[in-house]
Amino acid sequence: MMKRNNWIGLIIFIFFLVSEWPHIHPVEAFVLFSILFLIPLSFAFIGMFQRSGQKFWLAKWVEWAYPFAAISAMLAFLFDSLLLAGIWFLYTGLVALLGFRRLMERGLKPIGETSIDFGLLYLFLGGFWFFAYIAEWNIMGFSGLIVLLTAIHFHYSAYFLPIFAGLLNRKIIDWPMTIIIMLSPITVAVGITYSTAFELVAVILYFLALVRYGYRVWTTSFEKKWAKRLLVFSGTVLIITITFSVLYATGTFRGRVILSIDEMIWIHGAVNAVAVILIGLLGWHLESPKLRGNHFGKPMSKVKGTWLIGGDFLAKSELTGKEKYVGLVDKMAELTSSDFDVNKLSSSIIDFYEQTVDYELKARITWSKWFIPFAYIYQFISRHVQQVHLGIQKDWQRMSGDIVGIDSLKDGRNKVRAWVRQNESGETIFVALYSLHSHQGQTYMNIALPLPKGNMTGILKPLNAGANLILTSRSYQDGNGDEGIYFRTRFITIRLPLAETFTLQETSIGTLQAHHQMWIYGIPFLQIQYNIAKQT
């Protein structure tokens with residue numbers, strides 16, 4: 001169903017056609033057709049809501065500002081106005097910020113949602129080239145027509161095809177196809193600018209990925225018959241038009257014209273605009289593939305740290321509550337899910353988490369060799385902040401600590417308790433705020449560490465390994481779970497390129513060993529061995 005912005009855009013486009021009919025530049029008309037009609041149709045596919053049901057404030061701005069930006073884009077063509085072109089340019093920046101916001105909070109998985117975000121980011125480049133055309137900038141010696149064709153590229157294939165690939169991934173995951181489609185607008189542009197040979201290779205890879213997209217559409221089951229018919233038609237025409245792109249790139253590489261720019265304008269203008277993009281949009285609207293999970297608005301602590309945390313941070317910030325706790329969880333059975341059976345755990349692991357105050361810990365910290373220079377720098381900072389202060393000594397050291405009840409209303413999560421740990425020198429190592437949350441039948445351990453101006457939250461998924469327990473932030477469901485490590489501020493939540501796994505095993509009744517591993521961008525940089533024993 002068309003919404004208000006779709007009708008507004010269509011009416012503005014008709015007005016442009018009527019008012020400029022004798023003087024219409026076809027390329028300008030193609031750009032405006034995307035701006036005024038196709039782009040607002042695509043907004044229905046973008047996940048703009050948090051779990052609470054609230055819409056991102058950026059998404060509200062994108063929808064509210066669209067009519068003003070669309071009218072400005074149309075008038076920019078009519079009056080060659082830099083100011084009005086700048087409004088559309090700024091608007092595409094707002095759309096790109098929405099994509100950036102989604103990408104930062106969710107991370108690179110699921111790959112289909114990342115592909116959609118790339119489409120939103122590419123629109124900003126379309127806004128730039130649109131502005132450059134109105135400004136008559138001479139960019140790298142390109143003629144005005146080439147600048148405008150570049151604007152078309154980023155308002156059509158660079159914007160819509162990553163979105164289409166993302167929507168297909170909501171039904172069937174295809175990493176190779178999606179990555180190539182995501183990156184091809186960049187690689188093709190680099191080839192056009194610097195190397196005809198590179199351009200030819202990029203276009204061929206793009207061609208193969210789009211052929212695979214068409215094949216996937218043919219072979220994937222759809223709920224709506226007409227959706228499949230429309231998407232099969234759109235995908236088939238896409239393969240035909242991209243074949244012409246390969247021919248054009250081949251002619252450029254060989255220095256012999258196979259297709260002229262005027263011919264390519266109509267192939268990539270009229271045919272792509274209607275037979276590929278419009279028909280594809282209608283097909284995806286009919287099918288309306290849903291997000292596999294809502295990745296936005298995960299339960300996280302509202303507590304933000306100061307430049308000095310330390311053991312008295314909780315009292316100074318008036319965060320302590322009346323509840324008394326003796327364990328990191330009340331009952332390990334609360335973590336039971338289809339992926340985790342608490343009954344398989346050893347009794348000592350269950351007792352440790354439910355009666356944590358009865359145990360003492362010794363830890364040995366080992367930094368990876370490549371990270372040691374950074375560890376020295378990090379130690380200087382962490383000693384000042386008194387949070388996540390691990391040090392660089394390799395010997396076993398005793399850790400002492402308390403569990404403190406936290407005011408859950410101030411934290412924003414349920415049954416929050418803090419585990420405050422010190423080393424043998426009395427320095428604060430961790431101030432960690434523990435809670436649990438559940439989503440889609442899975443319960444996670446939710447641990448927040450206050451940091452200056454925000455907090456770092458580790459959301460850990462429990463897994464069985466025989467009688468042992470694994471708690472991990474590493475994704476095992478193509479990114480559809482909540483597990484991950486995040487940095488939360490007042491304005492944005494960022495999924496960090498960090499991962500951690502705790503493996504706990506019982507060595508004897510009342511005695512445990514734990515192995516804590518951490519990675520950055522998949523590269524191991526930290527290991528902590530724990531000996532945990534029940535106090536007698």
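To start, this report covers the structure provided alongside it. (Residues numbered from 1 in each chain as written. Predicted model: local features only at pLDDT ≥ 70, side-chain atom pairs only at ≥ 80, totals over all residues. Heavy atoms only, no water.)

## Comments concerning the overall build of the protein chain
Then, in step 1: Check the secondary structure of the protein chain and you find 15 helices and 12 strands.
Then, in step 2: Going through the 536 residues of the protein chain one by one, you find that 53% of them count as buried.
Then, in step 3: In the protein chain, the proportion of contacts linking residues at least 24 apart, taken out of those at least 6 apart, comes to 68%.
Then, in step 4: Looking at the protein chain as shown, the accessible area adds up to about 24,400 Å², and 63% of this sits on carbon and sulfur atoms.
Then, in step 5: Here the protein chain carries 47 positive and 36 negative side-chain charges, and the mean point of each set is 2 Å from the other. (Helix = DSSP H or I, 4+ residues; strand = E, 2+ residues; numbered from the N terminus. Buried < 20%, exposed > 50% of the residue type's maximum accessible area, 1.4 Å probe, protein only. Contact = heavy atoms within 4.5 Å. Areas by Shrake-Rupley, 256 points an atom, 1.4 Å probe, with all protein chains shown as cover. Lys, Arg positive; Asp, Glu negative; His and termini not counted. Charge placed at Lys NZ, Arg CZ, Asp CG, Glu CD.)

## Remarks on the packing of helix α4 (residues 82-106) against helix α5 (residues 111-135)
Then, in step 1: Contact geometry of α4 with α5 gives a least axis separation of 8 Å together with a crossing angle of 165°. On the basis of their axis angle, the class for α4 and α5 is roughly antiparallel. Crossing geometry of α4 relative to α5 is assigned as left-handed.
Then, in step 2: The class makeup of the residues in the contact of α4 with α5 is 19 nonpolar, 6 polar and 4 charged. (Axes fitted to C-alpha atoms, helices over the stretch in contact; angles between N-to-C directions. Parallel < 35°, antiparallel > 145°, perpendicular 65-115°, else oblique. Left-handed = near helix turned anticlockwise from the far one by under 90°. Nonpolar A, V, L, I, M, F, W, Y, C, P; charged D, E, K, R; others polar.)

## A short note on helix α9 (residues 196-219)
Then, in step 1: Between the first and last C-alpha of α9 there are 34 Å, a value that for 24 residues agrees with the 34 Å anticipated at 1.5 Å per step.
Then, in step 2: For α9, the complete set of buried residues consists of E199, L200, A202, V203, Y206, A209, L210, Y213, G214, R216 and V217. (Expected span 1.5 Å × (residues − 1).)

## Section: the environment of F244
Then, in step 1: Position of F244 relative to the elements: it lies in helix α10 (residues 225-254).
Then, in step 2: In sequence terms F244 and F207 are 37 residues apart; their C-alpha atoms lie 9.9 Å from each other.

## Observations regarding the side chain of S301
Then, in step 1: Relative to the elements of secondary structure, S301 occurs in the loop between α11 (261-287) and α12 (313-316).
Then, in step 2: Separated by 3.0 Å, the side chain of S301 and the backbone nitrogen of V303 make a polar contact.
Then, in step 3: Residues within four places of S301 in sequence aside, it is in contact with D411, R413, L433, A448, N455 and R488. (Polar contact = N/O pair within 3.5 Å; in protein donor to acceptor, adjacent residues only side chain to side chain.)

## Let's talk about a nonpolar patch on the surface
Then, in step 1: The grouping of W175, I179, L183, I186, V190, Y194 and F198 at the surface amounts to a nonpolar patch, some 650 Å² of accessible area in total.
Then, in step 2: Broken down by element, the nonpolar patch gets its largest block of residues, 6 residues, from helix α8 (residues 175-194).
Then, in step 3: What makes I186 partly exposed here is its relative accessible area of 41%. (Patch = residues over 30% accessible without salt bridge, like charges linked within 9 Å, V, L, I, M, F, W, Y side chains within 5 Å. Salt bridge = Lys/Arg side-chain N within 4 Å of Asp/Glu carboxyl O.)

## Side note on the pairing of strand β5 (residues 442-451)
Then, in step 1: Buried residues dominate β5, accounting for 10 of its 10 residues.
Then, in step 2: Burial along β5 is two-sided: Q442, Y444, N446, A448 and P450 facing one way and T443, M445, I447, L449 and L451 facing the other are all buried.
Then, in step 3: As defined by bridge partners, strand β4 (residues 428-439) adjoins β5 across 7 bridges and the pair is classed as antiparallel. The partner of S438 across the bridge, within β5, is T443.
Then, in step 4: Count of turn residues in the β4/β5 antiparallel hairpin: 2 residues, of which Q440 carries a positive phi of about 50°. (Pairing = 2+ DSSP bridges.)

## What to know about the pattern of salt bridges
Then, in step 1: Applying the stated criterion to the full structure yields 18 salt bridges.
Then, in step 2: One salt bridge in this structure joins D174 and R216, with 2.9 Å as the shortest N-O distance. Separated by 42 residues along the polypeptide, D174 in the loop between α7 (157-169) and α8 and R216 in helix α9 bring together distant segments of the chain. With respect to class, D174 is no different from R216; both count as buried.
Then, in step 3: When the shortest N-O distance is used, the salt bridge between R413 and D411 registers 2.7 Å.
Then, in step 4: Connected through salt bridges with shared partners, the residues R102, R106, E113, D117 and R170 form a single ionic network.

## Brief notes about the nonpolar core
Soluble, globular proteins show a tendency: their nonpolar side chains are buried together.
Then, in step 1: Ranked by size, the top nonpolar core spans 92 residues in total, and within it F130 and Y213 carry the most contacts.
Then, in step 2: Per-element tally for this core: the top contributor is α5, with 13 residues.
Then, in step 3: Setting aside residues no more than four positions away along its own chain, F130 makes contact with V31, I35, A73, A76, F77, A85, W88, A151 and H155.
Then, in step 4: Residues I349, F371, M399 and L449 belong to the second largest nonpolar core, which totals 47 residues. (Core = buried A, V, L, I, M, F, W, Y, C linked by side-chain atoms within 4.5 Å.)

## Quick look at the side chain of N423
Then, in step 1: Tracing the backbone through its elements, the reader meets N423 in the loop between β3 (417-422) and β4.
Then, in step 2: Within the structure, N423 has its side chain in polar contact with the backbone nitrogen of S425 (distance 3.0 Å).
Then, in step 3: At 2.9 Å, the side chain of N423 and the backbone nitrogen of E427 are in polar contact.

## With respect to helix α1 (residues 4-20)
Then, in step 1: Taking 1.5 Å per residue, 17 residues should reach 24 Å; α1 reaches 24 Å between its end C-alpha atoms and fits that length.
Then, in step 2: What α1 keeps buried is the set N5, N6, G9, I12, F13 and F16. Buried residues of α1, viewed axially, fall in a sector of 130°; they line one side. For α1, exposure combined with an orientation more than 90 degrees from the buried face picks out R4, I11 and V18.
Then, in step 3: On its buried face, α1 sits against α2 (26-42) and α3 (57-79). (Arc of directions from axis to C-beta.)

## Quick notes on empty space enclosed by the protein
Then, in step 1: If you walk through the whole model with that rule in mind, you get 2 cavities of 30 Å³ or more.
Then, in step 2: Of the pockets and cavities examined, the largest cavity occupies roughly 110 Å³.
Then, in step 3: Lining the largest cavity are 14 residues; nearest its centre among them are P110, G112, N169, R292 and N480.
Then, in step 4: Sorting the residues of the lining of the largest cavity by element identifies α5 and α7 as the ones contributing at least two each.
Then, in step 5: Broken down by class, the residue content of the lining of the largest cavity amounts to 5 nonpolar, 5 polar and 4 charged.
Then, in step 6: Counted as a void, the second largest cavity has a volume near 40 Å³.
Then, in step 7: Around the second largest cavity, the lining residues are Y156, S157, L161, L238, N272, V276 and I277. (1 Å grid on protein atoms, 1.4 Å probe; cavity = no way out; pocket = protein on both sides within 12 Å on 5 of 7 lines; lining within 4 Å. Points joined across faces, edges and corners; volume = space filled by probe spheres on them.)

## Some remarks on the packing of aromatic side chains
Then, in step 1: The final tally for this structure, using the stated rule, is 30 aromatic pairs.
Then, in step 2: With a centroid separation of 6.1 Å and an interplanar angle of 65°, the aromatic rings of F77 and Y133 are classed as edge-to-face. Here F77 is found in helix α3, whereas its partner Y133 is found in helix α5, with 56 residues between them in sequence.
Then, in step 3: Taking relative accessible area as the criterion, F77 reaches 6% and is therefore assigned buried. (Phe/Tyr/Trp six-rings, centres within 6.5 Å; stacked < 30°, edge-to-face > 60°.)

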